[in-house]
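Listed here are the chains, written in short residue letters.
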Amino acid sequence: MSRFSDGVNGQIAYEFGASQQYVAIAAHYDAQTLPRLAAHFYRQAVEERNHAMMMVQYLLDADEPVLIPGVEPPRAEFADVVAPVRLALEQEKRVTAQIADLVKLAREESELVGEQFLHWFLQEQREEVSSMSALLHVVERSSDNVMLVEDYLARESGGENPLEVGAPPAAGGAL
Ligand SMILES: [Fe+2]
Ligand SMILES: [Fe+2]
């Protein structure tokens, strides 16, 4: 397996790990009857799963091995209503750095098709860091009245993410 394909297989684990972390956060909010926060993170979990499946499709197209590695267990207990969103923002920043490292690896290895595949993910990370950072502002500002966060999400969420339009195909189809 090429070094680049090995890196993509590693990133598949990080994307599934991100998906599981978002399921854990969604269930945490759901258990507290915060349905909008829960729905937001259930949706994010599906998006991360789709990112992993886009990478699976890339490896299939490139005729490279698909490993589906195991993932680190997510954090499921949180001190307060802000902590999960803070963790989510840290996770998005970490994934941004991981994708950037993969792009650098693609350049080192002259994997130009692979580098082009990753460009969408760079754009996606910019959007995800930005929207999670905005949500953190709202949650921090409303930490003593979390229903304001629910109202905010009811008002502001919805509408198709324009970046999803140019998204790479996902193995088995995106959910
Ligand atoms: Fe992702
Ligand atoms: Fe993400």
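Up top is the structure these notes are about.
First, a word on what this report is: a plain description of the structure on this page. Everything numeric in this text was worked out from a predicted model, so none of it was measured. (Residues numbered from 1 in each chain as written. Chains lettered and ligands numbered in written order. Predicted model: local features only at pLDDT ≥ 70, side-chain atom pairs only at ≥ 80, totals over all residues. Heavy atoms only, no water.)

The subject of this paragraph is the coordination of the iron ion (ligand 1). For the iron ion (ligand 1), every protein donor is listed as Glu15 (OE), Glu48 (OE) and His51 (ND1), and the spread of their distances is 2.0 to 2.1 Å. In the primary structure, the donors to the iron ion (ligand 1) are separated according to the pattern E-x32-E-x2-H. Between the two metal centres, the iron ion (ligand 1) and the iron ion (ligand 2), the spacing is 3.5 Å, with glutamate 48 acting as a shared donor. In this pair, glutamate 15 sits in helix α1 (residues 3-31) while histidine 51 sits in helix α2 (residues 35-61), placing the two residues 36 residues apart along the sequence. (Donors = N, O, S within 2.8 Å, 3.2 Å for Na, K, Ca; no water. Helix = DSSP H or I, 4+ residues; strand = E, 2+ residues; numbered from the N terminus.)

At aspartate 63, a residue that is not glycine, the phi angle is positive and equals roughly 60 degrees. Looking at where aspartate 63 falls in the secondary structure, it is placed in the loop between α2 and α3 (83-108). For aspartate 63, a relative accessible area of 68% puts it in the exposed group. (Buried < 20%, exposed > 50% of the residue type's maximum accessible area, 1.4 Å probe, protein only.)

What follows concerns the packing of aromatic side chains. In total, this model carries six aromatic pairs according to the counting rule given. Relative to phenylalanine 41, the ring of tyrosine 22 has its centre 5.6 Å away and its plane inclined at 50 degrees; by these criteria the two rings are tilted. Note that tyrosine 22 is positioned in helix α1 and phenylalanine 41 in helix α2, a separation of 19 residues in sequence. Across the pair, phenylalanine 41 and tyrosine 22 agree in class, each one buried. Here the aromatic residues Phe4, Tyr58, Phe117, Trp120 and Phe121 are joined through ring pairs into a cluster of three or more. (Phe/Tyr/Trp six-rings, centres within 6.5 Å; stacked < 30°, edge-to-face > 60°.)

A surface patch of nonpolar side chains, about 240 Å² in accessible area, is lined by Leu60, Val66 and Ile68. Note that isoleucine 68 resides in the loop between α2 and α3. On the accessibility criterion, isoleucine 68 (44% relative accessible area) is partly exposed. (Patch = residues over 30% accessible without salt bridge, like charges linked within 9 Å, V, L, I, M, F, W, Y side chains within 5 Å. Areas by Shrake-Rupley, 256 points an atom, 1.4 Å probe, with all protein chains shown as cover. Salt bridge = Lys/Arg side-chain N within 4 Å of Asp/Glu carboxyl O.)

A few words now on the packing of α1 against α2. The N-to-C vectors of α1 and α2 enclose an angle of 165 degrees; their axes lie 8 Å apart at closest approach. Judged by the inter-axis angle, α1 sits roughly antiparallel to α2. Along this stretch, α1 crosses α2, giving a crossing that reads as left-handed. Looking at the contact of α1 with α2 residue by residue, the class counts come to 22 nonpolar, six polar and four charged. (Axes fitted to C-alpha atoms, helices over the stretch in contact; angles between N-to-C directions. Parallel < 35°, antiparallel > 145°, perpendicular 65-115°, else oblique. Left-handed = near helix turned anticlockwise from the far one by under 90°. Nonpolar A, V, L, I, M, F, W, Y, C, P; charged D, E, K, R; others polar.)

What follows concerns α3. Here α3 spans 38 Å end to end across 26 residues, near enough to the 38 Å set by a 1.5 Å rise per residue. Two residues or fewer past α3, serine 110 is found with a positive phi of approximately 55 degrees. (Expected span 1.5 Å × (residues − 1).)

Time to look at the environment of leucine 59. Among the secondary structure elements, leucine 59 is positioned in helix α2. Of the residues examined, leucine 59 reaches a relative accessible area of 0% and is grouped as buried. Considered as a pair, leucine 59 and glutamate 124 are 65 residues apart in the sequence and their alpha carbons are 20 Å apart. Ignoring any residue separated from it by four or fewer positions in sequence, one finds leucine 59 in contact with Ser5, Val8, Asn9, Ile12, Glu64, Pro65 and Val66. (Contact = heavy atoms within 4.5 Å.)

Attention now goes to the pattern of salt bridges. When the charged atoms of two side chains with opposite charge come close together, those side chains can pair. For the structure on display, the rule yields six salt bridges. As a salt-bridge pair, glutamate 156 and arginine 155 come within 3.7 Å of each other at their nearest N and O atoms. On the basis of relative accessible area, arginine 155 is assigned to the exposed category, the value being 57%. Beyond isolated ion pairs, a larger network of salt bridges with shared partners links Arg3, Glu108 and Glu109.

Every protein donor of the iron ion (ligand 2) is listed here as Glu48 (OE), Glu92 (OE), Glu92 (OE) and Glu128 (OE), and their distances to the metal cover 1.7 to 2.4 Å. In this structure, the iron ion (ligand 2) is surrounded by four donor atoms whose angles at the metal cover 55 to 143 degrees, and the resulting shape is irregular. Here the donor residues of the iron ion (ligand 2) share one chain and are spaced in sequence as E-x43-E-x35-E. The buried category is assigned to glutamate 48, whose relative accessible area is 1%. Among the residues examined, glutamate 128 registers a relative accessible area of 2% and is labelled buried. (Tetrahedral: all angles 85-135°; square planar, octahedral: opposite > 155°, others 65-115°.)

Taken by themselves, the reported measurements are silent on function.
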